[in-house]
Amino acid sequence: MSRDDRFGTIFEIGDCLVSEEIVTEYFACDYEKCRGCCCIIGDSGAPLAEEEVGKIEEAYPAFSPLMSDAGRKAVKDKGFFEIDVDGDMVTPLSPASEECAYIHTDESGNCFCSIEKCWFSGKCKFRKPASCWLYPIRVTELTGGRHALNLHRWSICKDAFENGRKKKVRVYEFLREPLISVYGEEFYSALSFAASNFLAGS
């Protein structure tokens with residue numbers, strides 16, 4: 001654990017540097033209010049790791065029937081990923097709407113990830129991109145294979161921050177499952193221990 005005047009306390013756990021806000025801030029998605037708008041608002045698709053592209057391609061026959069015609073056309077025209085203005089590999093967007101190509105919208109206008117919806121039904125092995133599952137944590141790759149985990153604040157998620165505060169759920173607690181999936185049980189146990197000690201002394 002170290003202190004940086006720009007970012008507050010930094011927790012060093014294995015190869016990860018975790019910002020203080022992930023431990024101190026509250027967050028819990030409030031789907032009834034947002035209805036999945038994070039999948040349809042933004043100027044770029046969701047960040048993808050190189051190995052995730054192959055998993056999406058493998059699962060595509062299973063989840064593509066849940067996608068819109070525009071989404072399937074975007075994949076046909078662009079492929080399973082595209083490169084955004086920052087040079088990052090991201091999910092393709094539907095050109096007309098700039099929505100993620102992989103979304104599924106039900107009759108009530110609620111938006112879901114078609115990949116995850118398929119995963120819940122047991123029809124594919126890949127759940128969804130880690131960047132989506134870990135949100136509002138954004139991961140930056142550092143030199144030497146290290147990762148920096150920082151909190152991302154987006155105005156469309158203000159209800160989620162309020163909901164987490166009301167329910168007393170911290171960011172790292174809300175994201176327990178994806179953090180374990182991506183970084184392992186040992187990482188999460190160490191993070192929880194560090195968080196408990198830090199919060200107790202605050």
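Let me sum up the structure you'll find in this document. (Residues numbered from 1 in each chain as written. Predicted model: local features only at pLDDT ≥ 70, side-chain atom pairs only at ≥ 80, totals over all residues. Heavy atoms only, no water.)

## Quick word on the side chain of Thr91
Here is the rule: Think of it this way: any DSSP run of H or I at least four residues long counts as a helix, any run of E at least two long counts as a strand, and we number them from the N terminus. For each residue, the accessible area found with a 1.4 Å probe, counting protein chains only, is set against the maximum for its type, and the residue is called buried under 20%, exposed over 50%, and partly exposed in between. Nitrogen and oxygen atoms within 3.5 Å of one another constitute a polar contact, given that in protein one can donate a hydrogen and the other can accept it, and given that sequence-neighbouring residues count only through two side-chain atoms. Contact definition: two residues touch when any of their heavy atoms are within 4.5 Å.
By the element assignment, Thr91 lies in the loop between strand S5 (89-90) and strand S6 (103-105). In this structure Thr91 comes out as buried when scored by relative accessible area, which is 1%. At a separation of 2.9 Å, a polar atom in the side chain of Thr91 contacts the main-chain amide nitrogen of Ala46. Look past the residues within four positions of Thr91 in its chain and what remains in contact with it is Gly45, Ala46, Leu48, Glu82, Cys100, Tyr102 and Pro129.

## Focus on the pattern of salt bridges
Put simply, the rule reads: The salt bridge criterion pairs a side-chain nitrogen of Lys or Arg with a carboxyl oxygen of Asp or Glu, the two atoms within 4 Å.
Applying the stated criterion across every chain, the model contains 10 salt bridges. Arg153 serves as the salt-bridge partner of Glu21, at 2.9 Å between the closest nitrogen and oxygen. Taken together, the residues Glu21 in helix H1 (residues 20-24) and Arg153 in the loop between strand S9 (147-151) and helix H7 (158-167) connect sequence positions 132 residues apart. Look at Arg153 and you get partly exposed, because its relative accessible area is 45%. Three or more residues joined by partner-sharing salt bridges are found here, namely Glu116, Arg127, Lys128 and Glu177.

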